[in-house]
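# Remarks on the overall topology
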Amino acid sequence: MSVSQLFADPYLLRVVLRALAVGALVSLCAAMLGVTLVLRRFSMIGDGLSHVGFGAMALGTLLGLTGSYAMEFTLPAVALAAFLLLRLGDSGRLKGEAAVAVLSSAAMALGVLFYSLSGGMTADACNTLFGSASVLTLSNQDAWLSLGLSVAVLLLFACFYHRIFAVTFDPAYARATGLAGGAHQLLLALLTAVTVVVGMKMMGAVMISALILFPALIAMRLCASFRATVLAAAVAAEGCFLVGFALAVAAGLPTGPTVVTVELLVFLAASVKRRA
Amino acid sequence: MTLLTSNNLTLQYDGRPVVEHLSFAVEAGDCLCVVGENGSGKSTLLRCILGQKKPDGGSLTFGDGLTRSQIGYLPQQHPAQKDFPATVEEIVRTGLLGRRAFSPRYSKEEKAAAARAMQAMELAGLEKAPFPTLSGGQQQRVLLARALTAARRMLVLDEPAAGLDPVVTAELYRAIERQNRAGMTVLMVSHDIPSALSMASRILHLANGDYFFGRPAEYAASPLGRRFTGEAAI
Ligand SMILES: Nc1ncnc2c1ncn2[C@@H]1O[C@H](COP(=O)(O)OP(=O)(O)OP(=O)(O)O)[C@@H](O)[C@H]1O
Ligand SMILES: [Mg+2]
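Note that the structure is a prediction, hence the values are computed from the model and not measured.

### Details of the overall build of chain A
Counting secondary structure elements, chain A contains 13 helices and zero strands. Secondary structure elements of chain A, listed N to C terminal, follow the sequence α-α-α-α-α-α-α-α-α-α-α-α-α. In chain A, which comprises 276 residues, the proportion classed as buried is 54%. The long-range fraction of contacts in chain A, counting pairs at least 24 apart against all pairs at least 6 apart in sequence, stands at 78%. Accessible area of chain A: about 11,600 Å², with a carbon and sulfur share of 72%.

So this is what it looks like as structure tokens:
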């Protein structure tokens, strides 16, 4: 579709704007959480969780729970996985990264099995993995759910910002002084899970991790305080998303990969700037 | 007023006792130095005081209305992350968080309390400095300022001078002593016996299964103290 076509058709325009709003908010959530996840050495958790999401989606398809119930079904599964991973990473019996890798590939394997049992890898499976090729596939219901969840993540992040910083900077101190109890861990796991599940719709399981990592990595190359890092990550995420989204719509490219490519370029530029 | 009472306390890991039948008390205004060999259970005792480890026997109780949130803590292990984006001020202010459950913003008074702690630890002028760019001694003072911000009645410090040169160590101890003089109760683990003896009002020496608790003068004369100070001199 061309840009002039887009503005000529009010229905099409509404669909695109809806996708734009959801994507912008999800990018913001992912960037905020990304800063704490990267600094706590949980960089790959987004990747692992999205694979769990893929597995859960596949199971849902096998059980005939497709379409509108997909998100309600994957969210609890991903939240549970997130909680267990954060727990494991702190207790240290299975190292965080090993736990993520194990869960990630196991969920992927099961997901592919479930899909083949339910009649082979379909376009549906492809969308789950690589995101919607066209922004048009986002249903109204999904959009509202995504918007609501994203706003909740942002509000909770803002409310617990100082605590999240304290725990990220010094987990041992936070635990000893009662700042980081089970409730905190559950909250962080929930926020991450919601972001991953909502983001998967747009970006696909394979690429959601980029939304979490790139803004944080870009910001950490440019900022010295935590506050500035979080704000810069937010700005980088929004900027990259808007540019990537516009390019994708204008050139008829898939949204997720375009946004990730823009993020990659900005990341490279930021790395060069720091060297200089 | 007694702030802390340990009564016949036993602490163990996987059924293996680390501290056994330990009794001592901390009065308001005390400076209690905990000494002993590596692995004698000093950090374990502090973890128990902070409620992270339950007694496996006996009891450890707070007195005079002391609560956990009134204690400022400096852990032995440091946040060892290079390149962590955080400023001195941001870190010190996290000491305020224990005081309340819900905290979207710091109030003016709270920021002033954190500023006083930074002042006390001679960090004025470094508020906006990135933590990773500081020297080991400065980083230690930042973490101490965080503990001080949290401490309304008691400071619990696990080897505050670990890895610091003698001059910086002496400055650090003076800063802690000043807090103690100003009325703060201090409970500190230290391997620096001479400094401990000079600033402590009580010494607690943990030695596998055995222990000493008393005044510094009594400690220097006790068999445990003589052996340990002798060993430390070699
Ligand atoms: N989480 C744990 N699980 C099992 N054993 C532990 C644990 N933490 C400590 N220990 C053991 O308990 C004993 C006391 O440890 P602790 O850290 O309290 O010693 P410490 O007196 O602080 O020593 P240091 O001077 O080296 O800091 C040691 O033998 C240690 O191996
Ligand atoms: Mg110790």
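### Some details on a nonpolar patch on the surface
All names here are of chain A. Where nonpolar side chains cluster on the molecular surface, the patch consists of Leu 62, Leu 63, Leu 65 and Leu 117 and spans about 370 Å² of accessible area. Within the secondary structure, Leu 117 is located in helix H5 (residues 96-117). Given the relative accessible area of 63%, Leu 117 is considered exposed.

### Things to note about helix H11 (residues 208-222) of chain A
Taking burial as the measure, the 15 residues of H11(A) include twelve buried ones, the bulk of the element. Of the positions making up H11(A), those classed as buried are Ile208(A), Ser209(A), Ala210(A), Leu211(A), Ile212(A), Leu213(A), Phe214(A), Pro215(A), Ala216(A), Ile218(A), Ala219(A) and Met220(A).

### Some thoughts on the sheet that holds strand E9 (residues 210-214) of chain B
Either a parallel or an antiparallel arrangement is found when strands of a sheet pair, and the pairing is made through backbone hydrogen bonds. Residue and element names in this part refer to chain B. Judged by pairing direction, the sheet is mixed, and its six strands sit side by side in the order E5-E6-E7-E3-E8-E9 without closing on themselves. Among the strands making up the open sheet, the edge pair consists of strand E5 (71-74) and E9. Averaged over all pairs of adjacent strands, the angle between strand axes in this sheet comes to 10°, irrespective of strand direction. Here five bridges tie strand E3 (residues 31-36) to strand E8 (residues 202-207), and the two strands are oriented parallel to one another. The residue bridging Gly 36 from the neighbouring strand is Leu 206, located in E8. Contacts from helix H4 (residues 136-150) reach E5 and strand E6 (154-158), with the element oriented near 165° to E5.

### What about the site of ligand 1?
Residues and elements named next belong to chain B. Around ligand 1, 15 residues are found, and the nearest of them are Gly 39, Lys 42, Ser 43, Thr 44 and Gln 76. Within the side chain of Asn 38, a nitrogen or oxygen atom sits 2.9 Å from an oxygen atom of ligand 1. Between ligand 1 and Lys 42, the relevant distance is 2.8 Å, taken from an oxygen atom to a side-chain nitrogen or oxygen of the residue. Considered on its own, ligand 1 offers 640 Å² of accessible surface; in the complex 64% of this is hidden by protein. The set of elements that each furnish at least two residues to the shell around ligand 1 consists of strand E2 (16-27) and helix H1 (42-49). For the shell around ligand 1, the element with the most residues is H1, which contributes four residues.

### Some words on the packing of aromatic side chains
Centre-to-centre distance and the angle between the planes together describe a pair of aromatic rings. As enumerated under the stated definition, the model contains twelve aromatic pairs over all chains in all. Considering the side-chain rings of Phe169(A) and Phe84(B), the 5.3 Å spacing of their centres and the 80° angle between planes classify their relative orientation as edge-to-face. Of this pair, Phe169(A) sits in helix H8 (residues 161-169) while Phe84(B) sits in the loop between E5 and helix H2 (88-93), each in a different chain. Assessed through its relative accessible area of 4%, Phe169(A) is described here as buried. For Phe84(B), a relative accessible area of 2% translates into the label buried. With 5.8 Å between their ring centres and 50° between their planes, Phe24(B) and Phe213(B) make a pair best called tilted.

### So, the packing of helix H2 (residues 10-39) of chain A against helix H10 (residues 182-203) of chain A
Residue and element names in this part refer to chain A. The N-to-C vectors of H2 and H10 enclose an angle of 140°; their axes lie 9 Å apart at closest approach. Taken together, the axes of H2 and H10 are oblique relative to one another. H2 and H10 meet at a crossing whose hand is left-handed. For the pair H2 and H10, contact is made by Ala 19, Gly 23, Val 26, Cys 29, Ala 30, Leu 33, Thr 36 and Leu 37 and by Leu 188, Leu 191, Thr 192, Thr 195, Val 198, Gly 199 and Met 202, respectively. Along the lines of polarity and charge, the residues of the contact of H2 with H10 split into ten nonpolar, five polar and no charged.

### Concerning the sheet that holds E2(B)
All names here are of chain B. Spatial ordering of the open sheet is given by E2-E1-E4, a layout of three strands whose pairing is antiparallel. The two strands at the open ends of the sheet, each matched to only one other strand, are E2 and strand E4 (57-62). Direction aside, the axes of adjacent strands within the sheet are offset by 15° on average. Where strand E1 (residues 2-13) meets E4, five bridges bridge the pair, whose relative direction is antiparallel. Each residue of the ladder has a partner; that of Asn 7, found in E4, is Ser 59. Sheet contacts for H1: E1, E2 and E4; angle to E1, the most-contacted strand, approximately 120°.

Cut-offs applied
Residues numbered from 1 in each chain as written. Chains lettered and ligands numbered in written order. Predicted model: local features only at pLDDT ≥ 70, side-chain atom pairs only at ≥ 80, totals over all residues. Heavy atoms only, no water. Helix = DSSP H or I, 4+ residues; strand = E, 2+ residues; numbered from the N terminus. Buried < 20%, exposed > 50% of the residue type's maximum accessible area, 1.4 Å probe, protein only. Contact = heavy atoms within 4.5 Å. Areas by Shrake-Rupley, 256 points an atom, 1.4 Å probe, with all protein chains shown as cover. Patch = residues over 30% accessible without salt bridge, like charges linked within 9 Å, V, L, I, M, F, W, Y side chains within 5 Å. Salt bridge = Lys/Arg side-chain N within 4 Å of Asp/Glu carboxyl O. Pairing = 2+ DSSP bridges. Axes fitted to C-alpha atoms, helices over the stretch in contact; angles between N-to-C directions. Near = heavy atom within 4 Å. Polar contact = N/O pair within 3.5 Å; in protein donor to acceptor, adjacent residues only side chain to side chain. Phe/Tyr/Trp six-rings, centres within 6.5 Å; stacked < 30°, edge-to-face > 60°. Parallel < 35°, antiparallel > 145°, perpendicular 65-115°, else oblique. Left-handed = near helix turned anticlockwise from the far one by under 90°. Nonpolar A, V, L, I, M, F, W, Y, C, P; charged D, E, K, R; others polar.

Interpretation note: all reported values are geometric properties and have no functional meaning in isolation.
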